[in-house]
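# Residue-level structure breakdown
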Amino acid sequence: MAIFLFFLLSTVCVGAVLGMIISKNQAYSALFLVLAFVCLGGLFGLLGAPFMAVVQIIIYAGAIMVLFIFVIMMINLRQGLSPEKKKWTIALSLVLALVLLLELILAAKGASLGQSPEGSVSPKEIGQLLFTKYLYPFEITSILIIAALVGAIVLVKKREKE
Amino acid sequence: MKDIFWLIPFVPALSTLVLVLFGRKLPKKVVSWQACLSVFISFIIALISFLSLLKTPPESYPIVKNLFTWISAGSFSANLSFQFDPLSAVMALVVTGVGFLIHVYSVGYMAHDKSYTRYFTYLNLFTFAMLILVLASNMILMFVGWEGVGLCSYLLIGFWFEKHSAANAGKKAFIVNRIGDAGFILGILFIFLAVGSSEFTAVNQAISGGLIARGGATLIAILLFIGATGKSAQLPLYIWLPDAMEGPTPVSALIHAATMVTAGVYMVARMNLLFTYSGTAGNIVALVGALTAIFAATMALTQNDIKRVLAYSTISQLGYMFIGCGVGAYAAGIFHLYTHAFFKSLLFLAAGSVMHALSGELDMRKMGGLRKYLPWTYPTFLIGAIAIAGVPFLSGFFSKDAILTQAYAQGQYFVWALGLMGAILTAFYMFRLIFLTFHGKERLEPEAKKHLHESPKVMTIPLAILAFFSIVAGYVGLPVVLGKKANLFQNFLEPVIPPASEGHLSMGLEWTLILISVAVALLGIYIAYVFYLKRPDIPHNIVRRIPGVYKLLYNKYYVDEAYNAVIVNPLVKGSEVIYENFDLAVIDGALNGSASATGFFGRALSALQTGYVKDYVLVFLLGAVIIVGILLF
Amino acid sequence: MIPAGYFLLLSIILFVLGIIAFFVKRDLITQFMAVEIMLNAANLAFIALAKSHHFVDAQVIVFFIITVAAAEAAIGLAIILLIFRQKKSIKTEEMSSMKG
């Protein structure tokens, strides 16, 4: 059962990413990406991390991609752009990407993966860690978010006409 | 008391230092007093040391004062140490004594010069270097002084450096000197190889101990003598001395008459054991000296510049000194050095006085009849001329005669004959100078005649003092015919300079030789008298008859032109070729090449900076691939 | 039980796909989206390894990654907007003022 779910979700995910690459319309690319993120959320759930799954869907699919779509709509390009013209950069990057793929697979092969016990991780466990061991990063992150917030507003604000 | 002699060089050194640091701020009067006083103090110290030397027994010669070890590199070492013995005493007294008089004279001569302080700085520096040279106890320190006087000669000859001819003359002097110094340095190095030290005492011990082969000794002696030909203006390196007359006249008197040019003679005398041991070297020295004496005397015959006559005369007289040293009569050579210092510097200073009176004129064709106007300059000049001509009872006679007699006694008849011929020429050209300048018709420029005046006392008193010594200085070296004891000079120098080995002539022969010298001198004077006073048309007729010879002599045998064509120009051309083909092409090329290569690589690399983020990320990707690859394997 | 290796493989594939996407696309927005893909691939790897080593900290790390990615997305999009305002286009070929 779980395996079937896994293969379904992973196929859809990869398919969505491929669709995002192939699509010429940015809005379609964004929507494909939303699909991919939702699948990822499902995969997180399969891995026994329900909290993270939900966070992924809410924040990534729900907030970040919405931001993307807002900006796409604001930029309002009439037509999409065809893919890259310069052939050799694509070729080189494909080659390198494949090489990287192989290397990483090899690396992963050598990784020691222990037996994964059953059961998912409850939010309680994550919360415990978050507010004790990782308290400091947590607080810093909050400052980071404020900075991003203020920064985004200041950056985009139209200058007052003198 | 005898140990204070090492202070002799340092008094003028101190004065030089003060003048270098503060000279500009000091008033002229202070500079004059300080410069002259420092040399005078040196003279007093030299005198005291000399007197105390007389009291010490000869076995303790030389008295050495080692200040400190200057260079110590493995087996090579040289000390800053001075020595005092009769030879050093004579040289030190001459340098400081005559030097002092010339300093005083300069106060008057250079009074209107705008670089007054610089002049005295250089003059004091020169005195310091010369004293180091004569008081050094090893060859390395002597060489320091040797180079020092060469430097001061360059500085002082080119004193009026705005004049092209003066600057060139200074350069010429230094470069020609340098050529001689190459031989000198080689000589010092060989001595070092042979003896292991350059201290004179050690070298003399090695020679008398037979540690040096005769051939080696000859080689060293010749090399050292090459240095002497450069410094003392002998063939073939004499060419700088006539040009050196571009410098102020007191400089010519001090450096190119009394002291610096005599350094070569001093050096040969100091190394007398070496030269005697290698008989060949001595012969070469005597021959070169004799040839130079004649050669220079012939050139003096035709010069119209009053200082040039004296310059060639100096070269000629130095030749005599080398004759003396070469035949083994080193004491006679030094004796002539000593008397020559007096009358030659007197002649130069008096010539300077004449030039000063005529507002700088030095062409004898524009002089004449000056003896009425210069009551001090004329008599002193005359005394100097009589002395150099070798007229009896003045100093020049005693010293020149000593040399010629010894040359004959040693069997060097050719040298003796050349010396005798030189003596006639000497008398002739000196009195030609006297008659053209002071007697006969006045051929003065009207402007000069208007300002004609005798020189101030500060200039005439040194003249008088030098004239006095030109007369009496010879009496310390009376000829041996009058008894062995009579030659005080030679006896004084005996512990340092053994008298010439064979060299005993019969009394009759000695008196004959003396009479021949006297006759020759008087003959020269008489001929000059006839040529320039009685019948002035004779010189013109002679020139008309043998214009070729006259031109040859007047143009100094075209030696300078020959040197220029054969040596100087090829070297200059050669260095230009090397400059273009090596310096510019290779060295600059390499430099510029590496610069342009760097630029090239820079431009190539900057092609990577396209400004496109995608390309940069491509590079990131590449880097990531490499790093993961490395981590994997 | 699904072996963690499968998830790792998926994560790697997603990562490489993200790289390819970055190079293929020509406008800023989609390139930025490719970066987000890569981040998520890394997140997946983290969670997979968290499961296999029973290491809960990894999930907390993923939490932070998501947060920071959100902040970064906000700022990045603001900049893209500014660029669009300036240059009236978001084609990356035209952004070469850092040339040389």
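Residues numbered from 1 in each chain as written. Chains lettered and ligands numbered in written order. Predicted model: local features only at pLDDT ≥ 70, side-chain atom pairs only at ≥ 80, totals over all residues.

## Side note on the interface of chain C and chain B
- Tallying the contact residues gives 10 residues for chain C and nine residues for chain B.
- For the side of chain C that touches chain B, a count of residues per class yields five nonpolar, four polar and one charged. (Contact = placed C-beta atoms within 7 Å. Nonpolar A, V, L, I, M, F, W, Y, C, P; charged D, E, K, R; others polar.)

## Topic: the pairing of strand S2 (residues 76–84) of chain B
- Relative to S2(B), strand S1 (residues 63–73) of chain B runs antiparallel, the two sharing nine bridges. Of the residues in S2(B), the one forming a bridge with B:Thr69 is B:Asn79. (Pairing = 2+ DSSP bridges. Helix = DSSP H or I, 4+ residues; strand = E, 2+ residues; numbered from the N terminus.)

## Focus on the environment of B:Ile212
All names here are of chain B.
- Along the chain, the position of Ile212 falls in the loop between helix H7 (200–208) and helix H8 (214–231).
- Taking C-alpha positions, Ile212 is 23 Å from Asp181, a pair spaced 31 residues apart along the chain.
- Excluding residues within four positions of it along the chain, Ile212 makes contact with Ala194, Ala206, Ile207 and Ala217.

## Concerning the confidence of the model for chain B
- Taken residue by residue, chain B gives an average pLDDT of 85. The fraction at 70 or more is 97%.
- Scoring of the predicted complex yields 0.71 for pTM and 0.89 for ipTM. (pLDDT = per-residue confidence, 0-100.)

## Some remarks on the interface of chain A and chain C
- On the side of chain C, 59 residues touch chain A, which itself brings 65 residues to the contact.
- When contributions to the side of chain A that touches chain C are tallied by element, the ones reaching two or more residues are helix H1 (2–22), helix H2 (26–46), helix H3 (50–75), helix H4 (87–110), helix H5 (123–132) and helix H6 (135–156) of chain A.
- With 13 residues, H3(A) is the single largest residue contributor to the side of chain A that touches chain C.
- Class assignment of the residues belonging to the side of chain A that touches chain C gives a composition of 52 nonpolar, 11 polar and two charged.

## Thoughts on unusual backbone geometry
- Cis geometry marks the peptide bond from B:Leu235 to B:Pro236, where omega comes out at -5 degrees.
- You can see B:Pro236 is positioned in the loop between H8 and helix H9 (240–243).
- One non-glycine residue, B:Ala233, lies in positive phi territory at about 55 degrees.
- Within the secondary structure, B:Ala233 is located in the loop between H8 and H9.
- Note on B:Ala233: 31 C-beta atoms within 10 Å, which makes it buried.
- The phi torsion at C:His54 lies on the positive side, around 50 degrees, for a residue other than glycine.
- Within the secondary structure layout, C:His54 lies in the loop between helix H2 (28–53) and helix H3 (57–87).
- Here C:His54 falls in the partly exposed class, since 14 other C-beta atoms lie within 10 Å of it. (Buried ≥ 20, exposed ≤ 12 C-beta atoms within 10 Å, placed from the backbone.)

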